[in-house]
Amino acid sequence: MISTDTTTRFADLGLRPEIMRAIEEAGYETPTPIQAQAIPKVLAGHNLVGIAQTGTGKTASFTLPMLHILASGRARARMPRSLILSPTRELATQTARNFETYGKHLGLSMALLIGGVGMGDQEKLLDKGVDVLIATPGRLLDWFERGKVLLGGVEILVIDEADRMFDMGFMPDVERIVNQLLKRKQTLLFSATMVPEVRRLADRFLRDPVEIRVQRKTSSAELVEDRVIEVAREKKRAALIALIRRHDVEKAIVFCNRKRDIAGVMRFLQQNRLNARDLHGDLEQVHRQATLDQFTSGTIDFLVATDVAARGLDISDMPVVINFDVPMNAEDYVHRIGRTGRAGRKGRAFTLVSGDDEKFLANVEKLVGRPVERLDLDVDARSAPRAPRGDERRRGQHGEARPVEDAAPEAAPAPAPEPARFREPKAAAVRSPAPPKPQPEPAPARSPRAARPARPAREPVRPAREKDEPVVGLGDHVPRFLLQPVPVRPASRSTRAE
């Protein structure tokens, strides 16, 4: 492990003049610890494992030396010279911007393969040949299997945010991709944490790697007041609403650990008249960007998101962060609450903790080096918002369904139907038996208007339409027509003969 202390300047790292010019134009002089330690090792051709949190400058720690190496050489059609795998579209886009910023004086080509973006221009670039290919695993495999990209010419591989790859279930795809890179000379793996799965990946695909570990400050932001609320899991949603109401929360990011929980939490907030939207990896890129823009501009008040989707989100005026779940990775706690308390403004962070979360909370307190203060929040029927009245019980502001408890009818149905109503059709049928079949009339009877009065048998069969009424023991309701008697006439001889 390499020391994190450094007084190095970019000018001391031996980068090409074109790259140094771009760095100076971007306004940087001194590298971050991860950059100062990683860049010389990459330039020397070593395989590398870098452990560093988001925000430490790790992206430039591999883009800068890659640009230096790729400046000499030529790309071939559909065969990129280097490959960077990113777990999310946002992170891939951020990496692409780094290459554009620092490689603008080198004339290198780059392609970006991510979902939700038109791929016509990217396909043309690949056909000509690119020096750098930045992709998410799923999209890259799709193009590879269709023969649109060949991986035999990749010499440098970067696996970025390897722990997120595991969290999102991309590890099998990553392994399939790495197995196709038979000519790679150098592999760089970066991760926020060294979980066992990442260690196994590094042991399998990296030969004699140099490991660099940069510890992020473990104390939470000085301007952030964080509190823990202990609540039963089944009362978490009620506690969320009570927290927002009682502590006057007008804008917040609500973090969930699982994508499957996001939609339910978002709908629950909406049903309680809060302007909330979701943000997760399954949404189209256009929708995700529109949601972020609306949240940044203040059109949306509550953003329900996962850690992966919220990466790269930088909003200076973020007053509150709410952890609906305690993050399973303790370092993510610091990352989450670091979204608030920025630009000299004070921030608040609340975390809902159930019995299953206690072990994760213990890891968080060990990391930050202090116990997180507990906050009492009684969650009972009085903490829930007032039940809506009238039509609000059935429909929300935008037509969404209200919660089950709000959608209940005003009064329970009668315990039993009124007998007279259901006997009425039968009595009507007895009083009005079907008349005998009329005999043929003379020629004037052929007029349709004259024939209509001669059909009384059909009138008692279908009485005036009324609203279906509840019937005890027969389900929610039985249509009226099913309760009416059907006259039965003996079949004629001619009918029996047929």
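Residues numbered from 1 in each chain as written. Predicted model: local features only at pLDDT ≥ 70, side-chain atom pairs only at ≥ 80, totals over all residues. Heavy atoms only, no water.

K.L.:
Please explain the confidence of the model for the protein chain as it appears in this structure.
P.N.:
Detailed reading of the predicted coordinates is not advisable wherever pLDDT falls low. Looking at the protein chain as a whole, the pLDDT averages 77, with 69% of positions reaching at least 70. Every residue in residues 445-451 scores below 50 in pLDDT, and together they form two contacts with partners more than four places removed in sequence or on other chains. Scored below 50 in pLDDT, residues 494-498 shows one contact in the model against residues more than four places distant or in partner chains. (pLDDT = per-residue confidence, 0-100. Contact = heavy atoms within 4.5 Å.)

K.L.:
Would you mind going over the side chain of S354 with me for this structure?
P.N.:
With respect to the element layout, S354 can be found in the loop between β13 (347-353) and α15 (358-368). Here S354 falls in the buried class, since its relative accessible area comes to 3%. Setting aside anything within four residues of it in sequence, one finds S354 in contact with V231, A232, R233 and K236. (Helix = DSSP H or I, 4+ residues; strand = E, 2+ residues; numbered from the N terminus. Buried < 20%, exposed > 50% of the residue type's maximum accessible area, 1.4 Å probe, protein only.)

K.L.:
What am I meant to see in the pairing of strand β3 (residues 110-113) here?
P.N.:
Within a regular strand, the side chains alternate between the two sheet faces. Here β3 shows two buried faces, one formed by M110 and L112 and the other by A111 and L113. Where β3 lies against strand β4 (residues 132-135), four bridges are found, and the strand directions are parallel. Bridged to M110 within β4 is V132. (Pairing = 2+ DSSP bridges.)

K.L.:
How should the packing of helix α6 (residues 137-145) against helix α8 (residues 171-180) be read in this particular structure?
P.N.:
Relative placement of two packed helices is described by the angle separating their axes and the distance separating the axes. α8 packs onto α6 with a crossing angle of 45 degrees between their chain directions and a minimal axis gap of 9 Å. Comparing their axes, α8 and α6 come out oblique. For the crossing formed where α6 meets α8, the hand is left-handed. Only D173, V174, R176, I177 and Q180 of α8 make contact with α6, whose side of the interface consists of P137, G138, L140, L141, F144 and E145. Split into classes, the residues belonging to the contact of α6 with α8 amount to six nonpolar, two polar and three charged. (Axes fitted to C-alpha atoms, helices over the stretch in contact; angles between N-to-C directions. Parallel < 35°, antiparallel > 145°, perpendicular 65-115°, else oblique. Left-handed = near helix turned anticlockwise from the far one by under 90°. Nonpolar A, V, L, I, M, F, W, Y, C, P; charged D, E, K, R; others polar.)

K.L.:
Before we go on, may I ask you to explain α15 in this structure?
P.N.:
Because an α-helix completes one turn every 3.6 residues, residues spaced three or four positions apart along the sequence face the same direction. Taken together, the buried positions of α15 are occupied by F360, L361, V364, E365 and V368. Buried residues of α15 fall within an arc of 140 degrees about the axis and therefore sit on the same side. Away from the buried face of α15 by more than 90 degrees, exposed residues K359 and K366 are located. Check the buried side of α15 and you find it contacts β8 (224-230), α14 (330-337) and β13. With its phi angle positive at about 75 degrees, G369 sits one or two positions after the end of α15. (Arc of directions from axis to C-beta.)

K.L.:
Looking at this model, I keep getting lost on unusual backbone geometry. Mind explaining?
P.N.:
Most of the time, phi is negative for any residue but glycine, and the peptide bond is trans. Located in the positive-phi region is R78, a residue other than glycine, with phi close to 60 degrees. Notably, E161 is not glycine yet its phi reads approximately 50 degrees, a positive angle. One can find E161 in the loop between β5 (156-159) and α7 (162-167). What makes E161 buried here is its relative accessible area of 1%.

K.L.:
Looking at this model, I keep getting lost on the packing of aromatic side chains. Mind explaining?
P.N.:
For any pair of aromatic rings, the description rests on two quantities: the centre-to-centre distance and the angle between the ring planes. The final tally for this structure, using the stated rule, is one aromatic pair. Between F62 and F190 the ring centres are 5.3 Å apart and the planes differ by 45 degrees, which places this aromatic pair in the tilted class. Here F62 is found in helix α3 (residues 58-70), whereas its partner F190 is found in strand β6 (residues 186-191), with 128 residues between them in sequence. With a relative accessible area of 0%, F62 lands in the buried category. For the cation-ring pair, K148 lies above W143, with the distance from its terminal atom to the ring centre recorded as 5.1 Å. Positioned over the ring face of F295 is K251, at 4.9 Å from the centre of the ring. (Phe/Tyr/Trp six-rings, centres within 6.5 Å; stacked < 30°, edge-to-face > 60°. Lys NZ or Arg CZ within 6 Å of the ring centre and 35° of its normal.)

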